[in-house]
Amino acid sequence: MTPVLIVLNAGSSSLKFQVFDVLDGAEPRLVWKGLYEGLGETAHFLVKDTGGSVLGEMTWSSDDRFGHEEALMHLVSWLSQFREERKPMAIGHRVVHGGAAFSSPVLVDESVLQSLEALVPLAPLHQPHNLEPIRIVRRRLPGMPQVACFDTAFHQSQSDIATMFALPRDMRERGVRRYGFHGLSYDYIASVLKHYDPHLAKGRVIVAHLGNGASLCALKAGVSVATTMGFSALDGLPMGTRCGAVDAGVIFYMLREMKLTPEEAERMLYTKSGLLGVSGISNDMRVLRSKAASEVDARRAIDLFVYRILREIGSLMAALGGIDGLVFTGGIGENDVATRAEVIAGLAWVGLALDEAANRAGGPRISAGSGPTAWVIPTNEELVIARQTRSVLGATQARLAS
Ligand SMILES: Nc1ncnc2c1ncn2[C@@H]1O[C@H](COP(=O)(O)OP(=O)(O)O)[C@@H](O)[C@H]1O
Ligand SMILES: CC(=O)OP(=O)(O)O
Ligand SMILES: [Mg+2]
């Protein structure tokens, strides 16, 4: 019987999962990949094998009240049909915020869980949903080892200066500092750079993780030296519905002059801004691209997104002392040919030149000429979670055995 790891990435209305075989010494190997979406409403379950064949599919109506807990229990029961072949040995979770206390993945117990719950205000869009399945599993499958893998941990390599705000010193002692996010994605990209170009793995690389959440990371020899997100996943680039960096004075204006409550202000910045807020149309780049020729506000939202990416790339280049390579990843970075072309066009001054045919074909290398190179590399946060979960379990077992 093969031991398997279950990797969970829980969103507000979805639960994505992947199941990995873990054989001694080898890289975790994906076997099944699926998701529950529309949780709490009309829920839908779909699971496929690595060849893309559908292994299971189901829909529940809103009368069924099928939420996160039901989805997790359904997954456990779905997996049990394979119990002769595969035995779940642990669950690895994406947890967006690890705060100052967690600089590496950790086996979850009650005190870890309480520390992670204290970080909910720093990542209100993500953290509650990341922690909910951990609580459910602790209640329903009490013996199951669970490992929390953090979006923040990869950035712990940054210098003190790179993580500071120019606020009074005691604010830092309270944990008010830049943490950075999308670290599971950057960890994956850093781990595969050598397969694309050994020079890049040792060089100065900017990774653009452009999805519904978006950030950039400056890698020096594969290590994070700076990133655009900060204390929360709100800072830096404009995103699908998040504003990215705004002057803090805007928030005082919202509270004092517009008389918004802190909750209303937070909702505006997290869920009504970014591509959605500027366009008034959609947070989805596919929709904006389809309307960009006819609707001026769709075009403006895209132009602002690209302009802010270019400005932030300039800032990260300063932190790196130059640039050898630029990597696009995430839903927009991997799929949107036009965004990649527009960003590279804005970087002609650093010697980047687009290979149009390669860009249309999706890469991997999409630059021409002898200057810095540009790449499209699909990310794989789940594989990093599987790697980290296995390594935490291995270390725990070794500790218990000694
Ligand atoms: N074919 C595509 N062309 C352009 N943009 C796309 C395409 N597919 C997905 N996207 C964009 O990617 C976003 C989702 O990115 P993803 O990285 O999956 O998001 P999340 O942050 O939820 O993990 C969508 O909102 C959309 O803007
Ligand atoms: C941290 C973050 O923004 O995550 P996502 O892109 O999944 O929303
Ligand atoms: Mg994501």
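Residues numbered from 1 in each chain as written. Chains lettered and ligands numbered in written order. Predicted model: local features only at pLDDT ≥ 70, side-chain atom pairs only at ≥ 80, totals over all residues. Heavy atoms only, no water.

- Naming follows an unreviewed UniProt entry, where the protein appears as Acetate kinase of Microvirga tunisiensis.
- According to the UniProt record, the Subcellular location (unreviewed entry) comment for the protein reads "Cytoplasm".
- According to UniProt, the comment filed for the protein under the heading Function (unreviewed entry) is "Catalyzes the formation of acetyl phosphate from acetate and ATP. Can also catalyze the reverse reaction." (UniProt positions renumbered as here; feature names shortened; annotations may be inferred.)

## Observations regarding the pairing of strand 1 (residues 2–10)
For step 1, the next point in the chain: Of all 9 residues that make up strand 1, 7 are buried, and the element is covered over most of its length.
For step 2, the next point in the chain: Pairing of strand 1 with strand 6 (residues 86–95), which is carried by 7 bridges, proceeds in the parallel orientation. Counted as the bridge partner of Thr2 is Arg86 from strand 6.
For step 3, the next point in the chain: As paired elements, strand 1 and strand 2 (residues 15–21) share 7 bridges and run antiparallel to each other. Looking at the pairing, Val7 lines up with Gln18 of strand 2.
For step 4, the next point in the chain: Following strand 1, the chain reverses through 4 residues before pairing antiparallel with strand 2. (Buried < 20%, exposed > 50% of the residue type's maximum accessible area, 1.4 Å probe, protein only. Helix = DSSP H or I, 4+ residues; strand = E, 2+ residues; numbered from the N terminus. Pairing = 2+ DSSP bridges.)

## Quick look at the site of ligand 2
For step 1, the next point in the chain: Residues in close proximity to ligand 2 include Arg94, His126, Asp151, Phe181, His182, Gly213, Met229, Ala233 and Arg242, which together make up its full environment.
For step 2, the next point in the chain: One nitrogen or oxygen atom from the side chain of Arg94 is found 3.0 Å from an oxygen atom belonging to ligand 2.
For step 3, the next point in the chain: Note that an oxygen atom of ligand 2 is positioned 3.3 Å from one of the backbone N or O atoms of Gly213.
For step 4, the next point in the chain: In isolation ligand 2 has 260 Å² of accessible area, and contact with the protein removes 86% of it.
For step 5, the next point in the chain: A breakdown of the residues in the shell around ligand 2 according to their chemical character gives 3 nonpolar, 3 polar and 3 charged. (Near = heavy atom within 4 Å. Polar contact = N/O pair within 3.5 Å; in protein donor to acceptor, adjacent residues only side chain to side chain. Areas by Shrake-Rupley, 256 points an atom, 1.4 Å probe, with all protein chains shown as cover. Nonpolar A, V, L, I, M, F, W, Y, C, P; charged D, E, K, R; others polar.)

## Thoughts on the sheet that holds strand 9 (residues 204–210)
For step 1, the next point in the chain: A sheet is described by the order of its strands in space; here 5 strands give the open sequence 11-10-9-12-15, paired in mixed fashion. If you trace the sheet from one side to the other, it starts and ends with strand 11 (223–227) and strand 15 (373–376), each paired once. Ignoring which end each strand starts from, the neighbouring axes of this sheet average 25° apart.
For step 2, the next point in the chain: In the sheet, strand 9 pairs with strand 10 (residues 214–220) via 7 bridges, with the strands oriented antiparallel. Opposite His209, over in strand 10, you have Ser215 as the bridge partner.
For step 3, the next point in the chain: Across the sheet, helix 11 (residues 296–320) touches strand 9, strand 10, strand 11 and strand 12 (325–329), and the angle it forms with strand 10 is around 20°. (Axes fitted to C-alpha atoms, helices over the stretch in contact; angles between N-to-C directions. Contact = heavy atoms within 4.5 Å.)

## Focus on the side chain of Arg178
For step 1, the next point in the chain: Counting through the fold element by element, Arg178 comes out in the loop between helix 4 (169–173) and helix 5 (183–196).
For step 2, the next point in the chain: At a separation of 3.1 Å, a polar atom in the side chain of Arg178 contacts the main-chain carbonyl oxygen of Thr227.
For step 3, the next point in the chain: What Arg178 contacts, discounting residues up to four positions off in sequence, is Ala162, Thr163, Met164, Phe165, Thr227, Thr228, Met229, Gly230, Phe231 and Asp235.

## Here's the deal with helix 8 (residues 262–271)
For step 1, the next point in the chain: Within the span of helix 8, buried status applies to Ala265, Leu269 and Tyr270. With its buried residues spanning 120° around the axis, helix 8 presents them on a single face.
For step 2, the next point in the chain: Contacts from the buried residues of helix 8 go to helix 7 (248–256). (Arc of directions from axis to C-beta.)

## So, the site of ligand 1
For step 1, the next point in the chain: Near ligand 1, the surroundings consist of Gly211, Asn212, Gly213, Asn283, Asp284, Met285, Arg286, Gly330, Gly331, Ile332, Asn335 and Asp336.
For step 2, the next point in the chain: One of the backbone N or O atoms of Asn212 is found 3.2 Å from an oxygen atom in ligand 1.
For step 3, the next point in the chain: Here an oxygen atom of ligand 1 sits 2.8 Å away from a polar atom, N or O, in the main chain of Met285.
For step 4, the next point in the chain: Here ligand 1 loses 69% of its free accessible area of 580 Å² to cover by the protein chains.
For step 5, the next point in the chain: For the shell around ligand 1, the secondary structure elements donating two or more residues are helix 10 (285–291) and helix 12 (330–335).
For step 6, the next point in the chain: Of the residues forming the shell around ligand 1, the biggest block, 4 residues, is contributed by helix 12.

## Considering the domain arrangement of the protein
Reports of interface size often rely on the accessible area that becomes lost once the parts have come together.
For step 1, the next point in the chain: According to the domain assignment, the protein consists of domain 1 (2–150) and domain 2 (197–245 + 273–381).
For step 2, the next point in the chain: Contacts between domain 1 and domain 2 engage 5 residues on the former and 5 residues on the latter.
For step 3, the next point in the chain: With both chains or domains summed, domain 1 and domain 2 bury close to 470 Å², and 53% of this area falls on carbon and sulfur atoms.
For step 4, the next point in the chain: When the area that domain 1 buries against domain 2 is broken down by residue, the three leading residues are Leu122, Leu125 and His126, summing to 61%.
For step 5, the next point in the chain: Taken together, the connections running from domain 1 to domain 2 amount to 1 residue pair in polar contact (both at pLDDT 80 or more).
For step 6, the next point in the chain: Its residues placed into classes, the side of domain 1 that touches domain 2 shows 2 nonpolar, 2 polar and 1 charged. (Domains from an automatic or database assignment. Buried area = accessible area lost by both parts, 1.4 Å probe.)

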